[in-house]
Amino acid sequence: MFDLNYDLIKKEIESEMCEEHGLHPELIKTDEGFGIKACCEPFREKMVEKSGNMIEEETKKALEEMMKDLFKE
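Here is a short report on the structure shown in this document. (Residues numbered from 1 in each chain as written. Predicted model: local features only at pLDDT ≥ 70, side-chain atom pairs only at ≥ 80, totals over all residues. Heavy atoms only, no water.)

## Quick notes on the pairing of strand 2 (residues 33-37)
Both strand 1 (residues 26-30) and strand 2 contribute to a ladder of five bridges, which runs antiparallel. Counterpart to isoleucine 28 in the pairing with strand 2 is glycine 35. (Pairing = 2+ DSSP bridges. Helix = DSSP H or I, 4+ residues; strand = E, 2+ residues; numbered from the N terminus.)

## Observations concerning a nonpolar patch on the surface
Side chains of Met67, Leu70 and Phe71 sit close together on the surface and give an oily, nonpolar patch of about 350 Å² of accessible area. As for its position among the elements, leucine 70 is in helix 2 (residues 41-72). (Patch = residues over 30% accessible without salt bridge, like charges linked within 9 Å, V, L, I, M, F, W, Y side chains within 5 Å. Areas by Shrake-Rupley, 256 points an atom, 1.4 Å probe, with all protein chains shown as cover. Salt bridge = Lys/Arg side-chain N within 4 Å of Asp/Glu carboxyl O.)

## Here we look at the pattern of salt bridges
If you walk through the whole model with that rule in mind, you get eight salt bridges. Linking lysine 60 and glutamate 56 is a salt bridge whose minimum nitrogen-to-oxygen distance equals 3.6 Å. Pair noted here: lysine 60 and glutamate 56 are both in helix 2, with a separation of four residues, about one helical turn. With a relative accessible area of 40%, lysine 60 lands in the partly exposed category. A salt bridge links lysine 60 to glutamate 57; its shortest N-O distance comes to 3.8 Å. (Buried < 20%, exposed > 50% of the residue type's maximum accessible area, 1.4 Å probe, protein only.)

## Some words on the packing of aromatic side chains
Throughout the structure, instances matching the rule amount to one aromatic pair. With 6.2 Å between their ring centres and 65° between their planes, tyrosine 6 and phenylalanine 34 make a pair best called edge-to-face. Placement of tyrosine 6 in helix 1 (residues 6-15) and of phenylalanine 34 in strand 2 is noted, with a sequence separation of 28 residues between them. On the basis of relative accessibility, which here comes to 36%, the residue tyrosine 6 falls in the partly exposed class. (Phe/Tyr/Trp six-rings, centres within 6.5 Å; stacked < 30°, edge-to-face > 60°.)

Have a look at this one:
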């Protein structure tokens with residue numbers, strides 16, 4: 001239906017650093033979408049939540065653009 005900017009999400013998530021271990025997470029594509037590899041479970045959960053929020057925002061933007069274009073005609 002529409003494409004999300006996964007590169008933006010990947011760049012943002014992979015720029016984060018674990019406060020405890022000083023390591024960056026890795027966003028990997030899977031058959032179901034994507035997954036996040038991290039040094040510890042608390043940091044991975046934090047990144048999953050952040051990526052979910054980012055996907056939600058990107059989806060809203062894409063839908064708003066579609067609706068704006070739809071009503072132009």
